[in-house]
Protein chains: 2
Amino acid sequence: MAAATVDHLAHERSKTQFDVDVMKITWAGSKHALDVADRMARLVASDPIFRKDNRADLGRKELFKNTLRKAAHAWKRITELRLTEEEASMLRVFVDEPTYGDLHWGMFIPAIKGQGTDEQQKKWLSLAYKFQIIGCYAQTELGHGSNVQGLETTATFDPKTDEFVIHSPTLTSSKWWPGGLGKVSTHAVVYARLILDGKDHGVHGFIVQIRSLDDHLPLPGIVIGDIGAKFGNGAYNTMDNGVMRFDHVRIPRNQMLMRVSQVTREGKYVESDVPRQLLYGTMVYVRQAIVSDASKALSRAVCIAVRYSAVRRQFGSLDSSLETQVIDYKTQQSRLFPLLASAYAFRFVGEWLKWLYTDVTERLKANDFSTLPEAHACTAGLKSLTTSVTADGIEECRKLCGGHGYLCSSGLPELFAVYVPACTYEGDNVVLLLQVARFLMKTVSQLGSGQQPVGTVAYMGRVQHLTQSKCGVITADDWLKPSVILEAFEARAIRLAVNCAKNISQFPSQEEGFSELSADLLDAAIAHCQLIVVSKFIDKLKEDIKGHGVKEMLQILCNVYALSLVHKHLGDFISTGYITPKQGALANEKLRFLYSQVRPNAVALVDAFNHTDHYLGSILGRYDGNVYPHLYGAAWKSPLNDSDVPDGYHEYIKPLLKQKLTTSRL
Amino acid sequence: MAAATVDHLAHERSKTQFDVDVMKITWAGSKHALDVADRMARLVASDPIFRKDNRADLGRKELFKNTLRKAAHAWKRITELRLTEEEASMLRVFVDEPTYGDLHWGMFIPAIKGQGTDEQQKKWLSLAYKFQIIGCYAQTELGHGSNVQGLETTATFDPKTDEFVIHSPTLTSSKWWPGGLGKVSTHAVVYARLILDGKDHGVHGFIVQIRSLDDHLPLPGIVIGDIGAKFGNGAYNTMDNGVMRFDHVRIPRNQMLMRVSQVTREGKYVESDVPRQLLYGTMVYVRQAIVSDASKALSRAVCIAVRYSAVRRQFGSLDSSLETQVIDYKTQQSRLFPLLASAYAFRFVGEWLKWLYTDVTERLKANDFSTLPEAHACTAGLKSLTTSVTADGIEECRKLCGGHGYLCSSGLPELFAVYVPACTYEGDNVVLLLQVARFLMKTVSQLGSGQQPVGTVAYMGRVQHLTQSKCGVITADDWLKPSVILEAFEARAIRLAVNCAKNISQFPSQEEGFSELSADLLDAAIAHCQLIVVSKFIDKLKEDIKGHGVKEMLQILCNVYALSLVHKHLGDFISTGYITPKQGALANEKLRFLYSQVRPNAVALVDAFNHTDHYLGSILGRYDGNVYPHLYGAAWKSPLNDSDVPDGYHEYIKPLLKQKLTTSRL
């Protein structure tokens, strides 16, 4: 089969109404970012050690060993090719397999950077940067995830020896989940309750060596293991998420991370003059990265589903001998195109969050903490919104691929299973939305006080107008105006928030009201977060975007994103009195029209993500659309096809057919 | 650990306000059904060969072989114990592992029963009942799933030899997906286009032997294989979903299934006097079984999530030194309790569907086809609704279990991965909803004609009233009245349908309008299907249900089911003008109150499902709630814990730590 020479999607690509190359740059963020990503993606794709199409067939041990190999090979290539930090991190992205390196680079090192003193950083980071030690981040325990303040592991200072004694007092205090812990890491940042002279000073971080650098065995007093299989065939089963218990393990005093608070030689607790808020900066950083990852993961799923929907034909077409491409069905479009638009929307809000992080960092340096609560609520909310939509969206894309989406060779099961933890880690999505809701309630309560809300809650300053105005839409076209969309989202968000605040005030206490109405508060928080995404997409379109048809196309996607949300949450928009049922119907009518504008550009819009076939890891999503021969070919790689007659035939099938089962030993 | 003697949920169980034993019978359908299920569940649970906690750790081949073993053992036990057909089928349910037997009993045999002549049935069923042959159902192809009429495999009659020649003319005509085909089946019912003297008579079924009964090798001219790994660790990877190609394979003429149409010795096509509609009876049967399975699958997920939510504590409680049980959080309740209510709702609508199937069958025997279109639309719609909600609901339950829900030992990943195909097989859920919508549009168009709609569309006869009336709710309590709920769902359903019909009529053609508005039609179809579920739940409550508090509890669940849908689809209810925003808010207020009534009974309500720990397959869902010691204990069974130092350390970790990576061979 001349797979390399066909392009079953050429006809689709010929219909494109915008400059795909410019869109690629817009998606990547810059020409430079696109170039680096492109080079690294091809480097990985062309290296046979990084193949990943066999993951689903490997047993756990083989799978894990193979990932160790890839991780080592990646590091080898990074050093051999003297890749920059940016290149190295992109290369790891394209290797696309969870491994201890993610935690080493993404959590262990940042924890030391953020919470370690200069001296500690100097000592430990130089080891970590060269991989002379491998570190993980041991925070969550068997009994505690979301509630970090409830951790049970203790670090008791022993002034006699100038050491901390790290201990797991209960079964539920076992460290549980840290990636890289189970089999690989030599060191861990361990979070434990600091006990000084019998007094509990709350949770602090400690650098603990956990394995010998000689023979890799766990050090005395430490029990470590892998916690077992996780969701999906490959997915996080390439990672050694671990369990660890301490039996009075001693570490030197200087291994407590002491940037914000110290323990002196005498065992005294001292707060440094470094403001505690600095730690929140890290949280903003991590969460903006998660939002950026969300757009990436969603873009992969959407790319697969769009391309396959253009290849797949089913049921008759009136004007052709060929069956209809499933992408031409309105039901397919109404499920798929909002996700396509969401991928772009999340991409741009992620870009904006990166700016927000820089801004917050600058302000923190200048001891300006004024924007921190707003930035914190905003990143928490966007982390929650984008990861939830992405997880559900990947599964929706899988369903949109019909039966074949259930095959691992479609790439979608793996993408889903490896992605869903993002809804839980770094803050459970519901817990985070409640934090946003709390911030909103506080903002509402201060509205009369003269204190003007800033940043993403600035619109709340116009509470008078927004709670009284009505949507001015008369024709379906009116829904295309950014100002109309923006005000609709603002009005809905503030009205839901104000309603919650009013209803809470009717309870005996604020706390009780907040707790009783928390389901409504989630709705209010989601409305606020969706507003942020919509408004940042609209802001993006105010930029000077070059390239034939690029801005026009993004405008269409922005409208699809917004109006599909109006349709989905119509109850909110109408019941808060801002729009009428008639206006809702007009929005829906316009949405259908927008889908027809997306349709001829759909394949080009996913081409603009510039994903290699290796990175997509999907036969259904192949760039050339040559799906069927490759599905057929891949089937024969199944281990069950190693022989015509399967292992087990003689013991379990033949006796059945020969009616000799009752005499056979099973 | 004295696991057998603790009951961490005893306190929860002591709060129960209804008779759990009677609820168990109500759930099971009868005392007899409960007894059989209970005996079979325990039989399976106590047999070590049926253990399933190690599935996620096995490679594909081991996993498959182990399933062959279980299937043979199950059959051995069934014959040894002389189990009845009812008992045998329950036993297979509790073995809880997809295998060739599902297709043999569930598709191959019914196909022959439904489409074979008496003579064919006599010959083939006697072989099949004793497992002297193993059969599968080879319908779908690489290029065709939903569109059965588009299948490409051909069966060309050769009058010279009185044979059919079965052939795969294209790559996309390869049979693809049939379970049991890849490695096990000796026979298949193959669907192919019947070609007589060059003329295509459409798709028919043929019994084809595909493997030798001597050595199990594929017969000459037939290529068969497994299609490769599927979603999830275990899940359908225990099944040999297969691919098959025919190269001019000859079978005797009498192996075409000839109950409804025949081919004569001369090659003439003859329709028998058996009405074609009989075939639809089978479809109704299969789909009612799927609805029944949906309630079962959802009940398992909900059982796990409810029990674990009662065990898990997180964040402070105001009035206790213990942290709060997560089931006490309103956000948890608002996500979990509607699913609990849905499990019960689907159970009862499934029960009703069983009655409907009997009714349809009786009528068909009497040549009364009048109710068939309605029964067909109704089962199609309920199949779609219940499987979609169940698939999403299982994943929601997984998320409700936080991080630990991501572990295979939680049982939820497996439950999800093994369940989701139900959204696709036996009719893609979106395609089915469009069939419902088409039926609704037809019903609406006939409303003026004097033809009274019957069965589940009978309410449409009251179109005048339902499109003009207003909801009479004044206080939140009004929402508890069944008549109020019913009319709200009827009004919403009919208004959405009538609106669609009106909008369609504005298009140049009915077909174009239907296609353009298909996303809206899906909403209308869903509204109709939800109405059916609500109304059958309400009907159930009119029965004489004994047992302290049982009916009261079911009444609460019925209201939770209905009002949570009012909340979720508020846009529909308000925009169609039947309820006001104020009434919507009252429904929501009452819903919160209902949650507080469910709360003390939640654990007992999932106990009533009577699931054994073996069948649940979940440490989080253990009956005794003794979660943490067992999670901890299960971790050590991970294959990665076979050794302290992992396989791969010397090649891929040590050289890294020793900075000797660049000289090592990877």
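These figures come from a predicted structure and were not determined experimentally.

Q: What am I meant to see in the overall build of chain A here?
A: Looking only at helices and strands, chain A has 23 helices and 11 strands in total. Rg of the C-alpha trace for chain A: 27 Å, near the compact-globule value of 26 Å for 666 residues, within the 12% margin. When its C-alpha atoms are laid out on the principal axes, chain A stretches across 90 × 80 × 60 Å. Taking all 666 residues of chain A together, the buried fraction comes to 62%. In chain A, the share of contacts with a sequence separation of at least 24, taken over all contacts with a separation of at least 6, comes to 73%. As presented, chain A carries roughly 24,800 Å² of accessible surface, and 54% of it is formed by carbon and sulfur atoms.

Q: Would you take a moment to explain the relation of the copies chain A and chain B for this structure?
A: Laying chain A over chain B is done by rotating through 180° and shifting 0.0 Å along the axis; what remains is an RMSD of 0.0 Å. Given the turn and translation reported, the copies of this chain are related as if by a two-fold rotation axis. The rotation axis passes nearest to the C-alpha of A:Gly571 in chain A, at a distance of 1.7 Å. Same-surface contact between copies: 100% of interface residues of chain A are shared with the interface of chain B.

Q: Sorry, what's going on with the pattern of salt bridges here?
A: Once the charged atoms of two side chains with opposite charge are near each other, the side chains can pair. For the structure on display, the rule yields 89 salt bridges over all chains. Close ionic contact of A:Asp572 with A:Arg492 constitutes a salt bridge, the shortest N to O distance being 3.1 Å. Of the two residues, A:Asp572 sits in helix α18 (residues 570-575) while A:Arg492 sits in helix α14 (residues 482-504), which places them 80 residues apart along the sequence. Across this residue pair, the class does not change: A:Asp572 and A:Arg492 are buried. Between B:Arg250 and B:Glu163 there is a salt bridge, and its shortest N-O distance comes to 2.9 Å. Of this pair, B:Arg250 sits in strand β9 (residues 249-252) while B:Glu163 is found in strand β3 (residues 163-167), placing the two residues 87 residues apart along the sequence. Residue classification places B:Glu163 among the partly exposed residues on the basis of a relative accessible area of 22%. Beyond isolated ion pairs, a larger network of salt bridges with shared partners links A:Asp7, A:Arg13, A:Arg307 and A:Asp607.

Q: Please clarify how the nonpolar core should be interpreted in this entry.
A: Judged by nonpolar contacts, the single largest core of 331 residues is most densely connected at A:Tyr344, A:Trp479, B:Tyr344 and B:Trp479. Residues in contact with B:Tyr344, not counting those within four places in the same chain, are B:Met23, B:Trp27, B:Phe537, B:Leu554, B:Leu557, B:Leu605, B:Ala608 and B:Phe609.

Q: Explanation requested: the UniProt feature "domain: Acyl-coenzyme A oxidase N-terminal" (unreviewed entry) in chain A in the structure shown.
A: Under the UniProt annotation, "domain: Acyl-coenzyme A oxidase N-terminal" (unreviewed entry) lies at residues 19-134 of chain A. Within residues 19-134 of chain A, the helical portion is 72% and the strand portion 0%, while the C-alpha atoms at the span's ends are 45 Å from each other.

Q: Even after reading the chapter, I still don't get the interface of chain A and chain B, so can you show me in this structure?
A: The partner chain B presents 133 residues to the 133 residues of chain A that form the contact. Each partner contributes to the roughly 11,600 Å² buried at the junction of chain A and chain B, and carbon and sulfur atoms together form 65% of this total. Considering only the surface of chain A that becomes buried against chain B, A:Phe231, A:Tyr406 and A:Leu640 emerge as the three largest contributors, covering 7% of it. Taken together, chain A and chain B are joined by 10 salt bridges.

Q: Where do I start with the domain arrangement of chain A in this structure?
A: Bring the parts together and some accessible area is lost; that lost area is often taken as the interface size. Parsing chain A into structural domains produces domain 1 (109-274), domain 2 (279-607) and domain 3 (636-666). Taking only C-alpha atoms, the centre of domain 1 of chain A and the centre of domain 3 of chain A are 50 Å apart.

Q: I tried to follow the UniProt feature "domain: Acyl-CoA oxidase/dehydrogenase middle" (unreviewed entry) in chain A on my own but got confused; where do I start?
A: UniProt marks residues 136-238 of chain A with the feature "domain: Acyl-CoA oxidase/dehydrogenase middle" (unreviewed entry), using the numbering shown here. The distance separating the terminal C-alpha atoms of residues 136-238 of chain A is 15 Å; by composition the span is 0% helix and 40% strand.

Q: How should the environment of B:Glu86 be read in this particular structure?
A: All names here are of chain B. If you trace the backbone, Glu86 turns up in helix α5 (residues 85-95). Taking relative accessible area as the criterion, Glu86 reaches 36% and is therefore assigned partly exposed. Along the primary structure Glu86 and Val534 are separated by 448 residues, whereas in three dimensions their C-alpha atoms are 30 Å apart. Those residues in contact with Glu86 that sit more than four places away from it in its chain are His32 and Val36.

Q: Is there a simple way to explain the sheet that holds strand β7 (residues 222-226) of chain A in this structure?
A: Two modes of strand pairing occur in sheets, parallel and antiparallel, and in both the strands are linked by backbone hydrogen bonds. All names here are of chain A. Spatially, 3 strands are ordered β4-β8-β7 in an open sheet, and the strand pairing comes out antiparallel. The outermost strands of the open sheet, each flanked by one partner alone, are β4 (175-176) and β7. Alignment of β7 against strand β8 (residues 242-246), held across 5 bridges, turns out to be antiparallel. When the bridges of β8 are listed, Ile224 appears paired with Met244.

Q: I keep staring at the environment of B:Leu496 and nothing clicks. Help me out?
A: Considering the arrangement of structural elements, one finds B:Leu496 in helix α14 (residues 482-504). Setting aside anything within four residues of it in sequence, one finds B:Leu496 in contact with B:Asp523, B:Ala524, B:Ala527, B:Asp572 and B:Thr576.

Q: Could you clarify how one ought to interpret the sheet that holds strand β4 (residues 175-176) of chain B in this entry?
A: Reading across the sheet, the 3 strands line up as β4-β8-β7 (chain B) and stay open at both edges, with antiparallel pairing between neighbours. Of all strands in the sheet, those bounded by a partner on one side alone are β4 and β7 (222-226) of chain B.

Q: Looking at this model, I keep getting lost on the packing of helix α2 (residues 20-28) of chain B against helix α17 (residues 550-568) of chain B. Mind explaining?
A: The geometry of a pair of packed helices is captured by two quantities: the angle between their axes and the separation between those axes. Residues and elements named next belong to chain B. One way to put it is that α2 packs onto α17 with a least axis distance of 10 Å and a crossing angle of 55°. In terms of their interaxial angle, α2 and α17 are classed as oblique. The residues of α17 that touch α2, namely those facing Val22, Met23 and Thr26, are Val550, Met553 and Leu554. Its residues assigned to classes, the contact of α2 with α17 comprises 5 nonpolar, 1 polar and no charged.

Q: Please explain the state of the cysteines as it appears in this structure.
A: By definition, a disulfide is the covalent link that joins the sulfur atoms of two cysteine residues. The tally for this structure, following the rule as stated, stands at 0 disulfides over all chains. A:Cys401 supplies the cysteine sulfur nearest to A:Cys397, a cysteine that is in no disulfide, at a spacing of 7.0 Å. Summary of cysteine pairing: B:Cys378 is not part of a disulfide, and the nearest cysteine sulfur, belonging to B:Cys529, is at 7.7 Å.

Thresholds applied
Residues numbered from 1 in each chain as written. Chains lettered and ligands numbered in written order. Predicted model: local features only at pLDDT ≥ 70, side-chain atom pairs only at ≥ 80, totals over all residues. Heavy atoms only, no water. Helix = DSSP H or I, 4+ residues; strand = E, 2+ residues; numbered from the N terminus. Rg over C-alpha atoms; globule rule 2.2 N^0.38 Å. Buried < 20%, exposed > 50% of the residue type's maximum accessible area, 1.4 Å probe, protein only. Contact = heavy atoms within 4.5 Å. Areas by Shrake-Rupley, 256 points an atom, 1.4 Å probe, with all protein chains shown as cover. Least-squares fit on C-alpha atoms with pLDDT ≥ 70 in both. Salt bridge = Lys/Arg side-chain N within 4 Å of Asp/Glu carboxyl O. Core = buried A, V, L, I, M, F, W, Y, C linked by side-chain atoms within 4.5 Å. UniProt positions renumbered as here; feature names shortened; annotations may be inferred. Buried area = accessible area lost by both parts, 1.4 Å probe. Domains from an automatic or database assignment. Pairing = 2+ DSSP bridges. Axes fitted to C-alpha atoms, helices over the stretch in contact; angles between N-to-C directions. Parallel < 35°, antiparallel > 145°, perpendicular 65-115°, else oblique. Nonpolar A, V, L, I, M, F, W, Y, C, P; charged D, E, K, R; others polar. Disulfide = S-S within 2.5 Å.

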